[in-house]
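Remarks on the overall topology
Here's the letter readout for the chains.
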Amino acid sequence: MRTFLVAQELATALARQLAPDDRLVLFSSSWKDRLSPGTIPGVPVIDARVPVTFLNLAWHRLEWPSIETFSGDVDVVHSMHPLLMPAQRAAQVVTIHDLYFLDAPENTSAEIRRDYPSLAGSHARRADQVITVSDYTARQVLSKLGVAADRVAICPNGAPRWTPIADHAKLPAGHVHLLFMGTIEPRKNVGALLRAELGLERLGVFVRAFEIVNDAHRADENFTRGEAADELRQPRGARHEP
């Protein structure tokens, strides 16, 4: 779901930038889930009824079938992860958010654990363009994956389309207001965030409005999944209120 939301936001932004002769197409593949044709107004959808686990295995390990099998001729094909989407002719773009799958593969699962560590370097070096989300990740892609610098672009994540708080006076004064949004999993290092928050409280800096917005895996070796989730869901600093 998170990957789909990122892809949807990216495609929506791209659709607004298209020249009159350009065309954007969304590709989705699943045996049971269907992508609505109206997901992005005016953007056509190719909805392949192929099990995504099978297609991932074939694409990653066999580099077959090509995207043109489903779409016909295209000029550019953009993969939202580090591995190439096979293409006969189209320029290939991959996306790399981080290299956690190389640093701690034991904390990953499914095709990320099976395919990314062994294939990401080769795929990234063959890609026509590698999109990264930060200067740090771009430097890692250069040093760890050996990708040529002229093929790496930095495209920071955009801000979500949330309605901002109109009246900041609604937030109690005298507190640090902190929002954590993400999954409770090792690579988010939630344990360090919790320890920092508790350390601030010991210094007399009270932290309030601390929330976990997405439930998932264990935080780190010092927090079980349940303990971390329970701790994060409680507004910190509330006990200091008169």
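Attention in this report is confined to the structure presented alongside it.

Right, let's get into the environment of Leu24. Following the sequence through the fold, Leu24 ends up in the loop between helix H1 (2-17) and strand E1 (26-29). Residues Leu24 and Pro44, spaced 20 residues apart in sequence, show a C-alpha to C-alpha distance of 7.4 Å. If sequence neighbours within four positions are ignored, Leu24 has contacts with Ala11, Leu14, Ala15, Leu18, Val43 and Pro44.

Glancing now at the packing of aromatic side chains. For the structure shown, the criterion picks out 3 aromatic pairs. Note on Phe27 and Trp59: the rings are 5.8 Å apart at their centroids and 35° apart in plane angle, and the pair reads as tilted. Remark: Trp59 occurs in helix H2 (residues 52-62) and Phe27 occurs in strand E1; sequence separation between them is 32 residues. Under the relative-accessibility criterion, Phe27 is labelled partly exposed at 25%. Arranged with centres 5.3 Å apart and planes meeting at 50°, the rings of Phe27 and Phe70 form a pair that is tilted. Here Phe70 lies in helix H3 (residues 68-71) and Phe27 lies in strand E1, a separation of 43 residues in the sequence. On the accessibility criterion, Phe70 (25% relative accessible area) is partly exposed. Aromatic rings pair up to connect Phe27, Trp59 and Phe70 into one cluster.

Side chains carrying opposite charge are able to pair once their charged atoms draw close together. Counted according to the given criterion, the structure contains 7 salt bridges. As a salt-bridge pair, Arg34 and Asp47 come within 2.6 Å of each other at their nearest N and O atoms. You can see Arg34 sitting in the loop between E1 and strand E2 (45-48) and its partner Asp47 sitting in strand E2, a full 13 residues away along the chain. One network of salt bridges, in which partners are shared, links Arg61, Arg114 and Asp115.

Another aspect to go through is the sheet that holds strand E3 (residues 76-78). By definition, the strands of a sheet pair up through backbone hydrogen bonds, in either a parallel or an antiparallel sense. Spatially, E3-E4-E5-E6 is the arrangement adopted by the 4 strands of the open sheet, whose pairing is parallel. Sheet topology places E3 and strand E6 (152-154) at the edges, where each strand pairs with a single neighbour. Looking at each pair of strands side by side, their axes are set apart by 25° on average, direction ignored. Bridge count for E3 against strand E4 (residues 91-96) is 3 bridges, and the pairing is parallel. Its bridge partner lying in E4, His78 is registered against Val93. Against the sheet, helix H6 (residues 135-145) touches E4, strand E5 (129-132) and E6, its axis set at about 165° to E6.

Criteria and thresholds
- The residue count restarts for each chain, going from 1 along the sequence in the order it is written.
- Where local features are concerned, this predicted model is filtered to residues with pLDDT of at least 70; where side-chain atom pairs are given and counted, the filter is 80 or more; whole-chain, interface and lining totals use all residues.
- Each side-chain value is derived from all of the structure's non-hydrogen atoms; neither hydrogens nor water enter the calculation.
- Helix numbering and strand numbering both begin at the N terminus, where a helix is a DSSP run of H or I of at least 4 residues and a strand a DSSP run of E of at least 2.
- By definition in these notes, contact holds between two residues if any of their heavy atoms fall within 4.5 Å.
- Any pair of Phe, Tyr and Trp rings, taking the six-membered ring for Trp, is counted once the centres come within 6.5 Å. Such a pair is stacked with planes under 30 degrees apart, edge-to-face with planes over 60 apart, and tilted for the rest.
- Partly exposed residues are those whose accessible area sits between 20% and 50% of the maximum for their type, while under 20% is buried and over 50% is exposed, using a 1.4 Å probe and protein chains only.
- When a carboxyl oxygen of Asp or Glu lies within 4 Å of a side-chain nitrogen of Lys or Arg, that pair is called a salt bridge.
- Whether two strands pair comes down to DSSP finding at least two bridges between them.
- Working convention: axes come from line fits to C-alpha atoms, limited for helices to the stretch in contact. Angles between N-to-C directions cover 0 to 180 degrees.

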